[in-house]
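# Residue-level structure breakdown
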Amino acid sequence: MKLHEYQAKDLLRAYGVPTPRGTVATTPGQAREAAARLGGKVVVKAQIHAGGRGKGGGVKLAGDADEAEAHAARILGMCLVTHQTGPEGRLVRRVLVEEQLPIEREIYLGVTLDRALARPVFMASAQGGMEIEEVAAENPEAILREPVGWAGLQPFQARRLAFGLGIRGDALKASVQAILAVARAYEENDASLVEVNPFVLTSDGRAVALDAKTDIDDSAMFRHPDLAELRDLDEEEPLETDAINHGLNYIKLDGNVGCMVNGAGLAMATMDIIQYAGGMPANFLDVGGGADSDQIKNGFRIILSDSNVKAILINIFGGILKVDVLAEGIVAAARELAIGVPLVLRLEGTNVEKGRQILAASGLDFIVAADMKDAARHAVARAV
């Protein structure tokens, strides 16, 4: 689950990270009032779940309250297109109006999971304000890294990062405290990413999180009902939200071969073999090991809600979810939903022969493949 910038800053403030004074506005009039309270010179920032807002015209400097109102009027309601939104863009429903700061230096701070190390890693770079992916590609040695152990990021590691960034004087202590606080926010909220870009040092001696981005692990949301309330469904793919509500793991992709699989690893392999066969998967859908007929029906409904889907590949290895139970669910769903695209099935595992008999006796036009390669070939050929 992604947080808006203003929500991420609220979270960081709770851990003692300084942020600019600011207010969220949903109308130009509210933006004007906020700017007046903040002294006039403000930044008006579109609030969407995507980066690159400034390049897309979603971040504007204002010299007074009138200018802030004018910027808000242009930004609110616009379809903001950035490199992260895709060409369809995102509708801006709110802006963050913040005080301007006398910026002296911009620094990158972030913590995320390093899968190669199997632990979180805190990253810092003196090249703040840039996309960290660009820094990593063009100047990887500019990124400092500290692995985070089971006891969390240690003070000596935070000091080593701060010294490595060339922070000295009064800003050193504040920066070390901020680094440790960002690491705690990541750990204690089951985040998959906490990023402050830029973290700024000001000419009047402050160290401030000028921007913030936070992603929370969906699987841990049951531990954080307060954070769950911050979910903005307007910013999420509707089909993905629908799937979550039915206990399904679904991610929409750009291809035309729909996938229904039990198990995340098998789902990844299925998407790979579809591409190997010359096609493109339309989605990732893991129904899990204990799916029932309702979940299977809802899985079909969600897949078919994507108009790009021209064929569906069902790849099931029966274990907890026995093949005959799945087959009954598939037959029931196909009849109820009147599925009008080709269905290709690859079935293995517990009660597979009984499952095949159920499909054959249904009278429906299923294509039962011999193996995964054969299934992918059939699905891609029919997705035209």
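The coordinates are above.
All of the points below concern the structure found in this document. Here the structure is a predicted model, which means the values were calculated and not measured.

### Quick notes on the packing of helix α11 (residues 323-337) against helix α12 (residues 352-361)
- At a closest axis distance of 7 Å, the pairing of α11 and α12 adopts a crossing angle of 15 degrees. For the element pair α11 / α12, the angle class is roughly parallel. Here α11 and α12 pass one another in a crossing that is right-handed. Across the interface between the two elements, Val323, Asp324, Ala327, Glu328, Ile330 and Val331 of α11 pack against Val352, Lys354, Gly355, Ile358 and Leu359 of α12.
- The residue inventory of the contact of α11 with α12, partitioned by class, reads seven nonpolar, one polar and three charged.

### A word on the environment of Gln154
- Residue position: Gln154 is located in the loop between β9 (143-147) and α5 (155-164).
- Of the residues examined, Gln154 reaches a relative accessible area of 30% and is grouped as partly exposed.
- A polar contact of 3.0 Å, which involves the side chain of Gln154, links it to the backbone oxygen of Gly152.

### With respect to unusual backbone geometry
- The step from Asn197 to Pro198 runs through a cis peptide bond, and the omega angle for that step is 10 degrees.
- Along the chain, Pro198 falls in strand β10 (residues 191-202).
- With a phi angle near 50 degrees, Asp190 is a residue other than glycine that sits in the positive phi range.
- Position of Asp190 relative to the elements: it lies in the loop between α6 (170-188) and β10.

### With respect to the sheet that holds strand β1 (residues 22-25)
- In space, the four strands of this open sheet follow the order β1-β6-β2-β3, with antiparallel pairing throughout. Whereas interior strands pair on both sides, the edge strands pair on one side only; in this sheet they are β1 and β3 (59-62). With strand direction ignored, the average angle separating the axes of adjacent strands in the sheet is 20 degrees.
- For strand β2 (residues 42-46) and β3, the ladder comprises four bridges, and the chain directions are antiparallel. The partner of Val42 across the bridge, within β3, is Ala62.
- Those strands touched by helix α1 (residues 5-14) are β1, β2 and β6 (95-99), and its axis lies near 50 degrees from that of β6.
- Helix α3 (residues 65-75) contacts β2, β3 and β6 of the sheet and is inclined by roughly 165 degrees relative to β3.

Thresholds applied
Residues numbered from 1 in each chain as written. Predicted model: local features only at pLDDT ≥ 70, side-chain atom pairs only at ≥ 80, totals over all residues. Heavy atoms only, no water. Axes fitted to C-alpha atoms, helices over the stretch in contact; angles between N-to-C directions. Helix = DSSP H or I, 4+ residues; strand = E, 2+ residues; numbered from the N terminus. Parallel < 35°, antiparallel > 145°, perpendicular 65-115°, else oblique. Left-handed = near helix turned anticlockwise from the far one by under 90°. Contact = heavy atoms within 4.5 Å. Nonpolar A, V, L, I, M, F, W, Y, C, P; charged D, E, K, R; others polar. Buried < 20%, exposed > 50% of the residue type's maximum accessible area, 1.4 Å probe, protein only. Polar contact = N/O pair within 3.5 Å; in protein donor to acceptor, adjacent residues only side chain to side chain. Pairing = 2+ DSSP bridges.

Such coordinate-based values are descriptive only and should not be taken to indicate function.
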